[in-house]
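Structural overview
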Amino acid sequence: MARNPAAQTAFGPMVLAAVEHNEPAGRRLVDDDLAGLFLPVPLRLLVGATRWGPARRLMIRGSEFTGPGLWANLACRKRFIDDKLEAALGDVDAVVILGAGLDTLGYRLTRRVRIPVFEVDLPVNIAMKAKTVRRVLGSPPLSVRWVALDFERDDLLTSLAEQGYRTDYRAFFICEGVTQYLTEEGVRRTLEGLRAAAPGSRLVFTYVRKDFIDGTNRYGTRTLYRNVRQRSQLWRFGLQPDEVAAFIGEYGWRLVEQAGPDDLLHRYVAPTGRRLKASDLEWSAHAEKV
């Protein structure tokens, strides 16, 4: 099966989660004991080396050369998502992870609650996820369903329904690190698929700023811009913070909260005592279906 360039990005966030899990409990930004196990052998060995503090700090500093501040952004957005899901668990009937990649949230969630978890991604990533889960867990939990689709071409609601999703579910939708890889048409197609979500459903998503996509502001990330915009069109969509409410409002969603770099640092990094910077390039948002 041909590999979509966007599909190759599934490993990076899990490497970060696994490295963060090697931090002492009071200093870690991500608490994910499965992340390292879900990685292929070479990356597991790399992550294993970061149990040694100096190697871990070296890796985090090295990430700053490509995207200054993005280590904190990626770690904190996971915490933001976890917090919103934790607060909503008593009020939702299902969790839908859009662009699930190798994310372990659905498998950690089954340790605590038994609600349907739908993992949605490109067919190549779903195949990789299935192989990984069988290697690590032996078999997938009964509550987890895999949904293979192309966000640019396939109907999201139909694909979910084929795996048992019901439109009367009050669902918690997660779209982490996905929107920038889609065209505007693909993002709107996805939101159109979520238009039928039951009132009270929640949506947490991340986005990069539109002025980065159009080259107006590179946010100090020349290497990243060259990699995702100049050498390829890997990142294709962005929003400005003041556009988000109206954009999602077209599809029946009410913006509840946005979290930019200052808020994320104050909320998650400051309590650890770590000296990390965050980038204004990427923001997280939380919305509710009305």
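Refer to the structure above for everything that follows.
Report follows, based on the coordinates. (Residues numbered from 1 in each chain as written. Predicted model: local features only at pLDDT ≥ 70, side-chain atom pairs only at ≥ 80, totals over all residues. Heavy atoms only, no water.)

1. Overview of the nonpolar core
As a rule of thumb, soluble globular proteins bury nonpolar side chains together. Of all hydrophobic cores here, the largest spans 46 residues; its most connected members are Val95 and Phe172. When residues of this core are traced back to their parent elements, those giving at least two are helix H1 (11–21), helix H4 (70–88), strand E1 (94–98), helix H5 (105–109), helix H6 (123–137), strand E3 (144–148), strand E4 (171–175) and helix H12 (261–269). Among the elements that take part in this core, H4 stands out by supplying seven residues, more than any other. Non-local contacts of valine 95, meaning those with residues more than four positions away in its chain, are made with Leu85, Leu109, Ile115, Pro116, Val117, Phe118, Phe172 and Ile174. Ala94, Leu191, Ile248 and Trp253 belong to the second-largest nonpolar core, a separate cluster that totals 34 residues. (Core = buried A, V, L, I, M, F, W, Y, C linked by side-chain atoms within 4.5 Å. Buried < 20%, exposed > 50% of the residue type's maximum accessible area, 1.4 Å probe, protein only. Helix = DSSP H or I, 4+ residues; strand = E, 2+ residues; numbered from the N terminus. Contact = heavy atoms within 4.5 Å.)

2. Some details on the pairing of E4
Counting buried positions along E4 gives five out of five residues, so the element sits mostly inside the fold. Of the two faces of E4, the one carrying Ala171, Phe173 and Cys175 and the one carrying Phe172 and Ile174 are both buried. Pairing analysis gives four bridges linking E1 to E4, with the strands arranged parallel. Residue valine 96 lies in a different strand from E4, and its bridge partner there is phenylalanine 173. Pairing geometry for E4 and strand E5 (residues 202–208), over four bridges, is parallel. (Pairing = 2+ DSSP bridges.)

3. Structural notes on unusual backbone geometry
Unusually for a residue other than glycine, tyrosine 219 sits at a positive phi of about 50°. Judged by relative accessible area, which is 16%, tyrosine 219 ranks as buried.

4. Section: the packing of aromatic side chains
Inspection of the entire model under this criterion finds 11 aromatic pairs. With centroids separated by 5.7 Å and ring planes inclined at 55°, the aromatic side chains of phenylalanine 38 and tyrosine 107 adopt a geometry described as tilted. On the criterion of sequence distance, the pair formed by phenylalanine 38 in the loop between H1 and helix H2 (41–49) and tyrosine 107 in helix H5 is long-range, its members being 69 residues apart. For the pair phenylalanine 38 and tyrosine 107, a shared accessibility class is recorded, and that class is buried. Ring centres of tyrosine 165 and tyrosine 169 lie 5.7 Å apart, and the angle between their planes is 70°; this geometry places the pair in the edge-to-face category. Feature note: the residues Phe118, Tyr165, Tyr169, Phe173 and Trp253 constitute an aromatic cluster, connected by ring pairs. (Phe/Tyr/Trp six-rings, centres within 6.5 Å; stacked < 30°, edge-to-face > 60°.)

Worth remembering: the numbers are spatial, not functional.
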